[in-house]
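# Breakdown of the fold
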Amino acid sequence: GILLRGRDTLIQNNTFRMAEGWGVSFWTYLGKYPEAGPIPARVRIVENTFYGVGGTMGAIMSRYPNGEKPVARSIRGVEILGNRFIDPVTPVVDFEGVSGILISGNEVVRSKEWKSQLPTAWFMFDNCDGIRLEKNKIDDQVKGVASAVLLSRSVPKGGTGYAAKDNTFKMNGGELLKDER
């Protein structure tokens, strides 16, 4: 996968094939280790294909090392556009501490059962704001995933937190939105 620490980045037309691990991972050290590079900002992930990506982490994810919990939403301006996720093992997007997220025109297709633990949701957000989900399609033919979208308690309510429109979520069981706020 790609470990991302840059700004003004475009990741386009790639194929990720992995049974374990992530496809694209944002890492930040919250300014404690400047040698680790800049905090990711203005990132576009466009027209990639992810086959069976996941394992213990999301296909596209943000993480803070050593279990640190971000106070601020330091990763900013992420667009995930027109990607395909085929038989994912874990959430296709699992973000923590991100602000300004557009997820549009993506497709999630799952037709295989996996022996590993199923994800709680396909799109998961913890301590994020400015989340927009538009024109995405989920076709989950296998039972087991609890929801399409999971919003943790730290996602703000109202206009700045989360908005969704024109999505098509076809799931075999489970709910479309689990809102813990």
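The coordinates are above.
Notes on the structure in this doc start here.

Calculation criteria
- Residues numbered from 1 in each chain as written.
- Predicted model: local features only at pLDDT ≥ 70, side-chain atom pairs only at ≥ 80, totals over all residues.
- Heavy atoms only, no water.
- Phe/Tyr/Trp six-rings, centres within 6.5 Å; stacked < 30°, edge-to-face > 60°.
- Helix = DSSP H or I, 4+ residues; strand = E, 2+ residues; numbered from the N terminus.
- Buried < 20%, exposed > 50% of the residue type's maximum accessible area, 1.4 Å probe, protein only.
- Pairing = 2+ DSSP bridges.
- Core = buried A, V, L, I, M, F, W, Y, C linked by side-chain atoms within 4.5 Å.
- Contact = heavy atoms within 4.5 Å.

## A look at the packing of aromatic side chains
Here the structure, examined in full by the defined rule, presents three aromatic pairs. For the ring pair Phe16 and Phe50, a centre distance of 4.7 Å and an interplane angle of 5° mean the geometry is stacked. Remark: Phe50 occurs in strand E6 (residues 49-51) and Phe16 occurs in strand E3 (residues 15-17); sequence separation between them is 34 residues. The buried category is assigned to Phe16, whose relative accessible area is 7%.

## Points about the pairing of strand E4 (residues 24-27)
The sheet contact formed by strand E1 (residues 2-4) and E4 spans three bridges and is parallel. When the bridges of E4 are listed, Leu3 appears paired with Ser25. Here E4 runs beside strand E7 (residues 60-63); their pairing, made up of four bridges, is parallel. Its bridge partner lying in E7, Val24 is registered against Ile60.

## Points about the nonpolar core
Within the largest apolar cluster, 36 residues are counted, with the highest numbers of intra-cluster contacts made by Phe26, Ile60, Phe95, Phe123, Phe125 and Ile131. The set of elements that each furnish at least two residues to this core consists of E4, strand E5 (41-46), strand E8 (75-81), strand E10 (93-96), strand E11 (98-104), strand E13 (121-126), strand E14 (129-134) and strand E16 (147-151). Those residues in contact with Phe26, other than ones at most four positions away along the chain, are Leu4, Pro40, Val43, Ile45, Ile60, Met61, Ser62, Arg63, Ile75, Val78 and Phe95.

## Here we look at unusual backbone geometry
With the exception of glycine, most residues fall at negative phi, and the peptide bonds are largely trans. Positive phi, normally seen in glycine, also occurs at Lys135, with a value near 55°. Mapped onto the elements, Lys135 comes out in the loop between E14 and strand E15 (137-140). For Asp166, which is not glycine, the phi dihedral falls at a positive 60°. Among the structural elements, Asp166 can be located in the loop between strand E17 (162-165) and strand E18 (168-171). With relative accessibility at 56%, the residue Asp166 sits in the exposed group.

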